[in-house]
Amino acid sequence: MKILVFVSFLLMSVNSFSHCPIEFKEVNLCAAVTWIDGPYDGKISKFQVNFWENGDQSHEPISPAYDVDIYSWMIMENGHSHGGPQMSYQEVSQGIFEVDDARFFMGGMRGFWEVRVELFNDLNQSISLGASRVPLSSNGGGHHH
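This structure is a prediction, so every number in the text was calculated from the model and none was measured.

**Points about the sheet that holds strand 3 (residues 45–53)**
So, step 1. Strand order in this open sheet of 5 strands is 1-2-3-7-6, and the pairing throughout is antiparallel. Whereas interior strands pair on both sides, the edge strands pair on one side only; in this sheet they are strand 1 (22–24) and strand 6 (89–93). Averaged over all adjacent pairs, the angle separating strand axes in this sheet is 30 degrees, with direction ignored.
So, step 2. Pairing of strand 1 with strand 2 (residues 29–37) involves 3 bridges; the strand directions are antiparallel. Looking at the pairing, Phe 24 lines up with Leu 29 of strand 2.

If you want it as structure tokens, here you go:
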């Protein structure tokens, strides 16, 4: 009985740390992907990426002091990975970026897509990279891990 209490306490404390879905440890930022339309397999999906300071409970949006790159990345079951179709994005308000032409194609491939968010400094060097798995519904049946 004690174990059950401990486990549920553990789950609650893990939950309180999940305020940072995408963590940029190097710059103390968090981000989250919010789906506006989609994600779909094979047709255009729209989403937002919101940034806030790590530890800020209210998730007050802040603009990263870095160049932001948002792109898709396919991780295949056989260990290969590759970038996806180009997507365009713009900062629609402070700390909120919108992508309205994301395309994810499974095409019978086994694996999953990620939305990757990368921060660059003025010298165009990568400072921090975060990723969020794309929850595509049509993943062709069985789950393999």
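**Some details on the pattern of salt bridges**
So, step 1. A full pass over the atoms with the stated rule returns 2 salt bridges.
So, step 2. Across the salt bridge formed by Arg 110 and Glu 77, the nearest N and O atoms sit 3.6 Å from each other. Of this pair, Arg 110 sits in the loop between strand 7 (96–102) and strand 8 (111–120) while Glu 77 sits in the loop between strand 4 (67–76) and strand 5 (81–83), placing them 33 residues apart in sequence.
So, step 3. By relative accessible area, which is 47% here, Glu 77 ends up partly exposed.
So, step 4. Where Glu 114 meets Arg 116, a salt bridge forms, and the shortest distance between an N and an O atom there is 2.9 Å.
So, step 5. A relative accessible area of 13% means that Glu 114 is categorised as buried.
So, step 6. According to the relative accessible area criterion, Arg 116 is buried, its value standing at 17%.

**A look at the pairing of strand 3**
So, step 1. Taken across its 9 residues, strand 3 has 7 buried, putting it largely inside the fold.
So, step 2. In terms of strand pairing, strand 2 meets strand 3 through 8 bridges, oriented antiparallel. Note that in strand 3 the partner of Leu 29 across the bridge is Glu 53.
So, step 3. Sheet topology note: the strand 3/strand 7 ladder contains 5 bridges and is antiparallel.

**Structural notes on the state of the cysteines**
So, step 1. Evaluated as defined, the whole model comprises 1 disulfide.
So, step 2. Note that Cys 20 is cross-linked by a disulfide to Cys 30, the S-S spacing being 1.9 Å. The chirality of the disulfide connecting Cys 20 with Cys 30 is left-handed, given an S-S dihedral of about -105 degrees. Of this pair, Cys 20 sits in the loop between helix 1 (2–17) and strand 1 while Cys 30 sits in strand 2; the two residues are 10 residues apart in sequence, bridging distant segments of the chain.

Definitions and cut-offs
Residues numbered from 1 in each chain as written. Predicted model: local features only at pLDDT ≥ 70, side-chain atom pairs only at ≥ 80, totals over all residues. Heavy atoms only, no water. Pairing = 2+ DSSP bridges. Helix = DSSP H or I, 4+ residues; strand = E, 2+ residues; numbered from the N terminus. Axes fitted to C-alpha atoms, helices over the stretch in contact; angles between N-to-C directions. Salt bridge = Lys/Arg side-chain N within 4 Å of Asp/Glu carboxyl O. Buried < 20%, exposed > 50% of the residue type's maximum accessible area, 1.4 Å probe, protein only. Disulfide = S-S within 2.5 Å.

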